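Now for the letters of each chain:
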Amino acid sequence: DQLDAHLALGGTVVDDQPHEALAALALRLDALEADQTARLDPGVGSVSLVLGLAQLRDALARGVPFSAELAGMTSLLADRPDAGSSLIALDAHAEHGVSTREALRARFPALARDVVTAALAPEGAGWVDETLQKLADVVSVRRTGSDVEGDSAEARVARAEVHLAAGELAGAVAELEGLKSAAREAAQDWLSDARARLGAEDALARL
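The following refers to the structure shown. The structure presented is a predicted model; accordingly, all values stated were derived computationally and were not measured.

## Description of the overall build of the protein
On a plain count of helices and strands, the protein comes out with 11 helices and zero strands. When each of the 207 residues of the protein is scored for burial, the buried share is 26%. For the protein, restricting intrachain contacts to residue pairs at least 6 apart in sequence, the fraction spanning at least 24 positions comes to 56%. For the protein, the exposed surface amounts to about 13200 Å²; the carbon and sulfur share of it is 56%.

Laid out in structure tokens, this is it:
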């Protein structure tokens, strides 16, 4: 403004290269303006972030690896230290992906049979007990429903099944985590995959 007023009054610019100086000043002002706009306008950069989240959510929903999608989000959130814990939690499963809720539900009937059968086997079982266990595996009838009480493997599996049918994966996990000994061992793989799914969903929600 002072330069404009000076020129309007017939003044002269002493600088030997006034045009270069003004051009440099204009570039600096443009850069400052762009930076200020990015800080004040929530729409600037938000499109990339929304698209990145959508791609990451889609990969998680399909149960496929998401290393590329996570790398993109990590780049977009490089200046957000509060996102670090969520990104780290997702990185633990990015290479292989996480099982979908549908896949976990589909695996549950076989899991329930294995857990109940394992709970029936006495520790240190001999050949007679092993034969009886195999028979129980072939002909297994277990109670179902949310009203099955107690801490037995059969009761916990029944309540977990109800939780799962209602979409309450965390409730199903909580029930099966109370299993003991051989029954707990039989459920380990499913539990590990279910925890991974819950952890990934929680991390995505926080992002």
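From this point, things continue past the structure.
## Things to note about unusual backbone geometry
Of note, Ser181 is a non-glycine position whose phi angle comes to about 50°, a positive value. Note that Ser181 resides in helix 10 (residues 181–186). With a relative accessible area of 53%, Ser181 lands in the exposed category.

## Description of the nonpolar core
One finds Phe108, Val115, Leu176 and Trp190 to be the most contacted residues of the largest nonpolar core, which totals 20 residues. The set of elements that each furnish at least two residues to this core consists of helix 6 (101–120), helix 8 (153–165), helix 9 (169–176) and helix 11 (188–206). For this core, the leading source of residues is helix 6, giving six residues. Not counting residues up to four positions away in its chain, the partners in contact with Trp190 are Leu104, Arg107, Phe108, Leu111, Leu164, Leu169, Ala172, Val173 and Leu176. Judged by nonpolar contacts, the second largest core, of 17 residues, contains Leu77, Ala83, Leu90 and Leu204.

## Focus: the pattern of salt bridges
Applying the stated criterion across every chain, the model contains 12 salt bridges. A salt bridge links Arg107 to Asp193; the shortest N-O distance between them is 2.8 Å. Taken as a pair, Arg107 in helix 6 and Asp193 in helix 11 lie far apart in primary sequence, 86 residues in all. With a relative accessible area of 31%, Arg107 lands in the partly exposed category. Judged by relative accessible area, which is 25%, Asp193 ranks as partly exposed. Ionic pairing is found between Arg113 and Asp114, a salt bridge with its closest N-O pair at 3.3 Å. If you follow the salt bridges from partner to partner, you end up with Asp151, Arg156, Arg159 and Glu175 in one network.

How each quantity is defined
- Every chain's residues receive numbers from 1 upward, in the order its sequence appears when written.
- Owing to the predicted nature of the model, reporting of local features is limited to residues with pLDDT of at least 70; listing and counting of side-chain atom pairs is limited to 80 or more, with chain, interface and lining totals taken over all residues.
- Side-chain numbers come from the whole structure's heavy atoms, not from hydrogens or water.
- Secondary structure follows DSSP: runs of H or I at least 4 residues long count as helices, runs of E at least 2 residues long count as strands, and numbering of each begins at the N terminus.
- With a 1.4 Å probe rolled over the protein chains alone, any residue whose accessible area is under 20% of its type maximum counts as buried; one over 50% counts as exposed, and the rest are partly exposed.
- Contact criterion: two residues are considered in contact whenever any of their non-hydrogen atoms come within 4.5 Å of each other.
- Method for areas: the Shrake-Rupley scheme with a 1.4 Å probe, in which residue coverage is limited to the protein chains shown.
- Put simply, a nonpolar core is a bunch of buried Ala, Val, Leu, Ile, Met, Phe, Trp, Tyr and Cys residues held in one set by side-chain atoms that sit within 4.5 Å of each other.
- The salt bridge criterion pairs a side-chain nitrogen of Lys or Arg with a carboxyl oxygen of Asp or Glu, the two atoms within 4 Å.

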